[in-house]
Amino acid sequence: MPEMPEKTIAIGADDAGVPMKDELKNYLVEHGYQVEDLSAAPDEDYPDVAQRVAERVAGGTYDRAVLVCGTGIGMAITANKVPGVRAAQIPDTYSAERARKSNDAQIACFGVRTLGVESAKLCLEHWLGSEFAGGGSAPKVEKIKQVESRYHNVA
């Protein structure tokens, strides 16, 4: 896995995502990351986890985070409700790279029912090894921020 300047990452899962989350957490730790697990308490669902993680990313506690649920879709939808956050459901390595390079996504969302653990690890490697490319993508990300500011009253 490529080295990254930030070595702390948040991870969270609902009940369905715990097995994959545990594997991804171990994988990150093996590659030198400090991982804070913000997974669901017994009375919580994926929206609670996604919001908690996304708020910490938006607040600058973490540059990046990983969320895991049944499909990754619900986590991505919820996380994207937090102003300043761009979360992407990651089904393959190409999407993992593009989520960072083209969309500057800070949160990768995986689905335990849609992707095997080894594939998720490979996607995670591609996502962590990619940076926002800027260039032609920069104006598009700025437009995303403008849409967000119209609806969330953020700068």
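Given the structure is predicted, the values throughout are model-derived calculations rather than measurements.

Colleague: Lay out helix α5 (residues 117-128) in plain terms, naming residues and giving numbers.
Modeller: The end-to-end C-alpha distance of α5, which contains 12 residues, comes to 16 Å, matching closely the 16 Å that a straight helix rising 1.5 Å per residue would cover. By the burial criterion, the buried members of α5 are A120, K121, C123, L124, W127 and L128. Seen from one end, α5 has its buried residues packed into an arc of 165 degrees, which puts them on one side.

Colleague: Tell me about the nonpolar core, and please be specific about residues and values.
Modeller: Soluble, globular proteins show a tendency: their nonpolar side chains are buried together. By size, the foremost hydrophobic cluster in this structure holds 24 residues, and its most contacted members are L24, V66, F110, L124 and W127. At the level of secondary structure, the elements contributing two or more residues to this core comprise β1 (8-13), α1 (18-30), β3 (65-69), α4 (93-101), β5 (107-111) and α5. In terms of residue count, α5 provides more of this core than any other element does, 5 residues in total. With 19 residues, the next largest nonpolar core counts V57, Y62, V82 and A87 among its residues.

Calculation rules
- Residues numbered from 1 in each chain as written.
- Predicted model: local features only at pLDDT ≥ 70, side-chain atom pairs only at ≥ 80, totals over all residues.
- Heavy atoms only, no water.
- Helix = DSSP H or I, 4+ residues; strand = E, 2+ residues; numbered from the N terminus.
- Expected span 1.5 Å × (residues − 1).
- Buried < 20%, exposed > 50% of the residue type's maximum accessible area, 1.4 Å probe, protein only.
- Arc of directions from axis to C-beta.
- Core = buried A, V, L, I, M, F, W, Y, C linked by side-chain atoms within 4.5 Å.

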